[in-house]
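One letter stands for each residue in the lines below.
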Amino acid sequence: MLLGEVVGTVVSTHKDQELEGIKFLLVQYVGSDGKKTPGVVICADAVGAGRGEWVLVAAGSSARQTKLTKDRPVDHVIMAIVDEVELGGQITYRKE
Amino acid sequence: MLLGEVVGTVVSTHKDQELEGIKFLLVQYVGSDGKKTPGVVICADAVGAGRGEWVLVAAGSSARQTKLTKDRPVDHVIMAIVDEVELGGQITYRKE
Amino acid sequence: MLLGEVVGTVVSTHKDQELEGIKFLLVQYVGSDGKKTPGVVICADAVGAGRGEWVLVAAGSSARQTKLTKDRPVDHVIMAIVDEVELGGQITYRKE
Amino acid sequence: MLLGEVVGTVVSTHKDQELEGIKFLLVQYVGSDGKKTPGVVICADAVGAGRGEWVLVAAGSSARQTKLTKDRPVDHVIMAIVDEVELGGQITYRKE
Amino acid sequence: MLLGEVVGTVVSTHKDQELEGIKFLLVQYVGSDGKKTPGVVICADAVGAGRGEWVLVAAGSSARQTKLTKDRPVDHVIMAIVDEVELGGQITYRKE
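Everything in this summary refers to the structure shown in the same document. Because the structure is a prediction, the values reported are computed rather than measured.

Digging into the overall build of chain A
Alright, step 1. The helix and strand tally for chain A stands at zero helices and eight strands.
Alright, step 2. For chain A, the succession of helices and strands along the chain, N to C, is β-β-β-β-β-β-β-β.
Alright, step 3. Since a compact globule built from 96 residues should have a radius of gyration of about 12 Å, the 14 Å found for chain A is in line with a globular shape.
Alright, step 4. Counting only C-alpha atoms and orienting by the principal axes, one finds that chain A spans roughly 45 × 25 × 20 Å.
Alright, step 5. Counting over 96 residues, chain A shows a buried share of 53%.

Here's the deal with the arrangement of the chains
Alright, step 1. No interface is formed between chain B and chain D, the nearest pair of C-alpha atoms being 10 Å apart.
Alright, step 2. Chain C makes no contact with chain D; the smallest distance between any of their C-alpha atoms is 10 Å.

With respect to the interface of chain A and chain D
Alright, step 1. Across the contact, 27 residues belong to chain A and 27 residues belong to chain D.
Alright, step 2. Looking at the side of chain A that touches chain D residue by residue, the classes come out as 16 nonpolar, eight polar and three charged.

Overview of the relation of the copies chain A and chain D
Alright, step 1. Mapping chain A onto chain D calls for a screw motion: a turn of 72 degrees about the axis and a shift of 0.0 Å along it, with 0.0 Å RMSD after fitting. The relationship between the two copies is best expressed as a five-fold rotation axis.

Focus: the pairing of strand β8 (residues 90-94) of chain A
Residue and element names in this part refer to chain A.
Alright, step 1. Burial of β8 is sparse: only zero of the five residues sit out of reach of the surface.
Alright, step 2. Strand direction decides the pairing type here: strand β7 (residues 84-87) and β8, joined by four bridges, are antiparallel. Bridge pairing in β8 links L87 to Q90.
Alright, step 3. Hairpin remark: β7 followed by β8, antiparallel, with two residues in the connecting loop; positive phi at G88, about 60 degrees.

Quick notes on the interface of chain B and chain C
Alright, step 1. The interface of chain B with chain C comprises 27 residues on the first partner and 27 residues on the second.
Alright, step 2. Counting residues per element, the ones that place at least two in the side of chain B that touches chain C are β1 (2-11), β2 (14-15) and β4 (36-45) of chain B.
Alright, step 3. With five residues, β1 of chain B is the largest single contributor of residues to the side of chain B that touches chain C.
Alright, step 4. Residues that form the side of chain B that touches chain C fall into these classes: eleven nonpolar, nine polar and seven charged.
Alright, step 5. Relative to strand β7 (residues 84-87) of chain C, β1 of chain B runs antiparallel, the two sharing four bridges. Its bridge partner being in β7 of chain C, V10 of chain B is matched across the sheet by V85 of chain C.

Considerations on the relation of the copies chain B and chain C
Alright, step 1. For the pair chain B and chain C, the superposition axis carries a translation of 0.0 Å, the fit reaches an RMSD of 0.0 Å, and the rotation angle comes to 72 degrees.
Alright, step 2. When you check the interface residues of chain B against chain C, a mere 11% turn up at the interface there too, and the two sides of the contact use different surfaces.

Overview of the environment of R94 of chain E
Alright, step 1. With respect to the helices and strands, the residue R94 of chain E is situated in strand β8 (residues 90-94).
Alright, step 2. With 12 C-beta atoms counted inside 10 Å, the residue R94 of chain E sits in the exposed group.

So, the environment of E96 of chain D
Alright, step 1. You can see E96 of chain D is positioned in the segment after β8 (90-94).
Alright, step 2. Taking the C-alpha atoms as reference points, E96 of chain D and E53 of chain D, 43 residues apart in sequence, are found 9.1 Å from one another.

Let's talk about the environment of G60 of chain B
Alright, step 1. On the secondary structure map, G60 of chain B appears in the loop between β5 (54-59) and β6 (76-81).
Alright, step 2. Along the primary structure G60 of chain B and I22 of chain B are separated by 38 residues, whereas in three dimensions their C-alpha atoms are 17 Å apart.
Alright, step 3. G60 of chain B has contacts with G60, S61 and D75 of chain A, D75 of chain B together with G60 of chain C, leaving out every residue within four places of it along the chain.

Focus: unusual backbone geometry
Alright, step 1. Not every positive phi belongs to a glycine, and D71 of chain C is a case in point at roughly 60 degrees.
Alright, step 2. The residue D71 of chain C is located in the loop between β5 (54-59) and β6 (76-81) in this model.

Some remarks on the pairing of strand β6 (residues 76-81) of chain D
Remark: a regular strand shows side chains that alternate across the two faces of the sheet.
Alright, step 1. In terms of burial, β6 of chain D is a largely internal element, five of the six residues being buried.
Alright, step 2. Relative to β6 of chain D, strand β4 (residues 36-45) of chain D runs parallel, the two being bridged by two bridges. Along β6 of chain D, the bridge assignment pairs D45 of chain D with I78 of chain D.
Alright, step 3. The pairing of β6 of chain D with strand β2 (residues 14-15) of chain E spans two bridges and is antiparallel. Directly across from A80 of chain D, in β2 of chain E, lies its bridge partner K15 of chain E.

Criteria and cut-off values
Residues numbered from 1 in each chain as written. Chains lettered and ligands numbered in written order. Predicted model: local features only at pLDDT ≥ 70, side-chain atom pairs only at ≥ 80, totals over all residues. Helix = DSSP H or I, 4+ residues; strand = E, 2+ residues; numbered from the N terminus. Rg over C-alpha atoms; globule rule 2.2 N^0.38 Å. Buried ≥ 20, exposed ≤ 12 C-beta atoms within 10 Å, placed from the backbone. Contact = placed C-beta atoms within 7 Å. Nonpolar A, V, L, I, M, F, W, Y, C, P; charged D, E, K, R; others polar. Least-squares fit on C-alpha atoms with pLDDT ≥ 70 in both. Pairing = 2+ DSSP bridges.

Structure (structure tokens):
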């Protein structure tokens, strides 16, 4: 999985029927040190993540293993909201 | 998923039999800020996307989860047409 | 899928038994503008592609959805021969 | 698989129900020469790996083939702890 | 598939039970011109490849389609030993 921060949303009304009820969030990947990397990915949200929260993103077929995304054409899913990241004995992120 | 803009088409008459009836569109990836990135990908079109529209592209086995692409040898599918992208409170794209 | 040009062949006699009868072609990826990109990939050939032809390549589990490659350990397949590429209203490739 | 070193942990209490009981470790990829590469990945831990240990990481659907991760939305798993790496006749890593 | 050369081995005694009996080889990717690219990947060996040999490597779920790797948590497999590579009419590699 990769770490990311929720930074926006994508709205689509015209889409494959298998996508009804899925919310798409824009996620920017971050390193464990908290620095954002360039580029974003659009993820189905399986956990009700909020703007500014750090999340874990699973990609590929693994993105279809949540209850929400089963058998649906999505390739990235937010499957966890991060409480804390510890790197080399240092807390580099803690959810407020 | 990644954001992309439909920029062209690919025509093929000699192809695997599992591909009959699938339309291939050239999609150029774009960042959430609207800037196009280099390179293009060829996608099966599951939603009737038009030239210049922004779309969501799902890759890998997830690309085979639409009704159109089930069990077919395609690894990228357009599964949604984007209405609006919001990033950091700003609308960075709105379909005209 | 990605666009590529058939540029060579790979021969292997000692291989997994599931690979019998599969022809391996060297494919160099090209952009829609016709410029070749560095590097090559080895693909199973499901359509009888010839040297110099432009083809579509599907990767991952999608590469196993042709009749030829079903349940076989291949991760890239040529599943279509390209007749024409149109980009921004211009024909950038046409098969001779 | 890729080689990595366990460098930290990620804690999440709010997550998809399929993730209960899975420990997430931060892994930094290393080359066979022992040099760390930039960036980290978050892995489910199927083998009880410890900080500083070198591990093998499997990605994609293969990450769901351990007993721990079966049918769960994880796309990277630590499936082996490395004892020794030999490259070109030289031992480049040996577990202490 | 990608071309690679067998350059080393990885030994692991503490691993997921599904990995028993699998030999891990270090493979360095090479271009069709014979030049090695940076970085290595660890592959399950399904064909008994030897040091210095050129091999084909399949990745992802396709890596689990050999008899050896079925349902096992490996994401790269050596599924063929290369006899010859021909590129643009020139033999760029021939097994000795």
